[in-house]
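# Structural overview for review
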Amino acid sequence: MTDRNEQLFAHAREVIPGGVNSPVRAYGSVGGTPRFVTAARGAYITDADGREYVDLVASWGPALLGHAHPEVVAAVQEAASRGLSFGAPTGAEVELADLIAARVAAGDRRPVERVRLVSTGTEATMTAIRLARGYTGRDLLIKFAGHYHGHSDGLLAEAGSGVATLALPGSAGVPAAIAAQTLVLPYNDLAAVEEAFELHGKRIAAVIVEAAAANMGVVPPLPGFNAALTALAHDHGALLILDEVLTGFRVHPAGFWGLQQDAGEEYTPDLFTFGKVVGGGMPLAALGGRADVMDMLAPVGPVYQAGTLSGNPLSVAAGIATLQLATPEVYARVDAAASVVADALDAALTDAGVVHAVPRAGSLFGVAMLPEAPRSYAEALQQQAARYTPFFHAMLDAGVSLPPSVYEAWFLTAAHDDAALARVLDALPGAARAAAGAAA
């Protein structure tokens, strides 16, 4: 008998390219049938066959508080009762902008002086780059191999043949001339950045970097890397865009930047991008930064950006409720739960004899089938990725939903209580043995 997930996937492939609306959901890296989710609450999701799983995806990050937090749901319902979309400014937009700006602080430093709300992380990073180019009057962008900043044309670029060679298109449909406006450099390699600035410095508008890389597995910046990037950019008249779409307000009340400030790594980006948690699971993202840069945006300045659904009242309501509820106690619970699972993952793989590392960036972590945590995309690609497939399916069979790719981060929430964690810990030894038995 074909189960409901298989039926839905078969039908979906007839009407949706690949059967999904975002590629990783298709289980291409791990094989098998995607689970079609019908409900989510707290630390759990339920699939189309009615099976419940402990969820370690958390909607790829937004569910910091857990799924369907009652106060967030109530805020959205109340907002919906007053209308779904206005295409006009609202007081709630101002409240959310104030919350964002107030949270991104360290001592007397408040680097987010203006905020613009948009609908997606791709839109936030695309706008930040356009803004940097408009502000500097320059065209080139530095990004890092393995970092994901959304799917706008200039960011779907692959590294050229040399360290400081202009990039080639990384996707069909991206014109070569657009990809050539991007320099793709190896991550955590300051010498490569210095060389790029020596060769192209007067043409470089900005450096964009994930605050901590989490789209090639979790690969944190080396100590001092983000600060040194900022100094290099500023020395050459360029801007630093810190992409916190994934890490912002998830790993710390002030994002990964805040975590680094607490650790004594002082630096001040010119622009930040936020997504995921900032919308509480609803479609919302933001960019923010220095007033003189942000005020280049229309209608004040000449850099155009607009969106009919920007500042959508339902999304804004979810974002306000989530940030208000994201207290220090919430972060402490998420950190503790992440430590429990990460430590148990490490122990299970060690006991099974699987070569691995468990890299971490705050409460974010993942698994790399390597003897040491990778520091760059090239190193991440050297892992025995095939071992993740049986590991993933063993966990799924045991009722634990993991990211369907070894190159994704695992996410815990404040709703992962002792019972949910126990189910994860019970599943790990068998999954580790399955990984050990796989062909490398």
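Residues numbered from 1 in each chain as written. Predicted model: local features only at pLDDT ≥ 70, side-chain atom pairs only at ≥ 80, totals over all residues. Heavy atoms only, no water.

## Section: the overall build of the protein
Check the secondary structure of the protein and you find 14 helices and 15 strands. Over its C-alpha atoms the protein spans a radius of gyration of 21 Å, differing by no more than 12% from the 22 Å that the globule rule assigns to 440 residues. With the C-alpha coordinates of the protein rotated into their principal frame, the extents come out at 60 × 55 × 50 Å. Within the protein, counting contacts between residues at least 6 apart in sequence, those at least 24 apart form 72% of the total. A total of about 17,600 Å² of accessible surface is found on the protein, and carbon and sulfur atoms cover 54% of it. A gap of 4 Å separates the mean positions of the 27 positive and 44 negative side-chain charges of the protein. (Helix = DSSP H or I, 4+ residues; strand = E, 2+ residues; numbered from the N terminus. Rg over C-alpha atoms; globule rule 2.2 N^0.38 Å. Contact = heavy atoms within 4.5 Å. Areas by Shrake-Rupley, 256 points an atom, 1.4 Å probe, with all protein chains shown as cover. Lys, Arg positive; Asp, Glu negative; His and termini not counted. Charge placed at Lys NZ, Arg CZ, Asp CG, Glu CD.)

## A short note on empty space enclosed by the protein
Throughout the structure, instances matching the rule amount to one cavity of 30 Å³ or more. Approximately 30 Å³ is the volume attributed to the largest cavity. M216, G217, V218, P359, V367, A368, P374, A380 and Q383 are the residues that line the largest cavity. Tallied by class, residues from the lining of the largest cavity come to seven nonpolar, two polar and no charged. (1 Å grid on protein atoms, 1.4 Å probe; cavity = no way out; pocket = protein on both sides within 12 Å on 5 of 7 lines; lining within 4 Å. Points joined across faces, edges and corners; volume = space filled by probe spheres on them. Nonpolar A, V, L, I, M, F, W, Y, C, P; charged D, E, K, R; others polar.)

## Brief notes about the nonpolar core
Counting 69 residues, the largest nonpolar core has I100, I142, F144, F197 and F249 as the members making the most contacts within it. For this core, the element with the most residues is helix α10 (residues 313–325), which contributes six residues. Beyond its immediate sequence surroundings of up to four residues, I100 is in contact with V115, L117, F249, F274, V278, A286 and L323. The next biggest cluster of nonpolar side chains, apart from the first, holds 39 residues, and it includes Y27, V358, Y388 and L402. (Core = buried A, V, L, I, M, F, W, Y, C linked by side-chain atoms within 4.5 Å. Buried < 20%, exposed > 50% of the residue type's maximum accessible area, 1.4 Å probe, protein only.)

## Overview of the pairing of strand β2 (residues 44–47)
Direction of pairing for strand β1 (residues 37–41) relative to β2: antiparallel, over a ladder of four bridges. Opposite A40, over in β2, you have I45 as the bridge partner. What sits between β1 and β2 in their antiparallel hairpin is a turn of two residues, with G42 showing a positive phi close to 60 degrees. Between the antiparallel neighbours β2 and strand β3 (residues 52–55) lie four residues, among them G50 with a positive phi of about 80 degrees. (Pairing = 2+ DSSP bridges.)

## What to know about the layout of surface pockets
To find the voids left in a structure, one rolls a probe of water-molecule size over its atoms. Counted as a void, the second largest pocket has a volume near 440 Å³. Lining the second largest pocket are 23 residues, with E93, R116, L117, S310 and G311 sitting closest to its centre. Counting residues per element, the ones that place at least two in the lining of the second largest pocket are α3 (91–103) and β4 (114–118). Class assignment for the residues of the lining of the second largest pocket results in 12 nonpolar, nine polar and two charged.

## Remarks on the pattern of salt bridges
This model, assessed by the stated rule, comprises six salt bridges. Residue E78 pairs with R82 through a salt bridge whose shortest N-O separation is 2.7 Å. By relative accessible area, which is 51% here, R82 ends up exposed. Each of D270, R290 and D292 takes part in a single network of salt bridges with overlapping partners. (Salt bridge = Lys/Arg side-chain N within 4 Å of Asp/Glu carboxyl O.)

## Some words on α10
Under the 1.5 Å per step criterion, the end-to-end length of α10 is 18 Å for 13 residues, consistent within 8% with the ideal 18 Å. For α10, the buried fraction is high: 11 of the 13 residues fall into the buried class. Listed as buried for α10 are P313, L314, S315, V316, A317, A318, G319, I320, A321, T322 and L323. Check the buried side of α10 and you find it contacts α2 (70–80), α3 and β4. (Expected span 1.5 Å × (residues − 1).)

## A closer look at the sheet that holds β4
In a beta sheet, neighbouring strands are held together by backbone hydrogen bonds and run either parallel or antiparallel to one another. Spatial strand order, β4-β12-β11-β10-β9-β5-β8: seven strands in an open sheet with mixed pairing. Either end of the sheet is taken by a strand with one partner, and the two such strands are β4 and β8 (182–185). Ignoring strand direction, the axes of neighbouring strands in this sheet form an average angle of 20 degrees. Relative to β8, strand β5 (residues 140–144) is paired through four bridges, and the arrangement is parallel. By the bridge assignment for β8, K143 is matched with V184. (Axes fitted to C-alpha atoms, helices over the stretch in contact; angles between N-to-C directions.)

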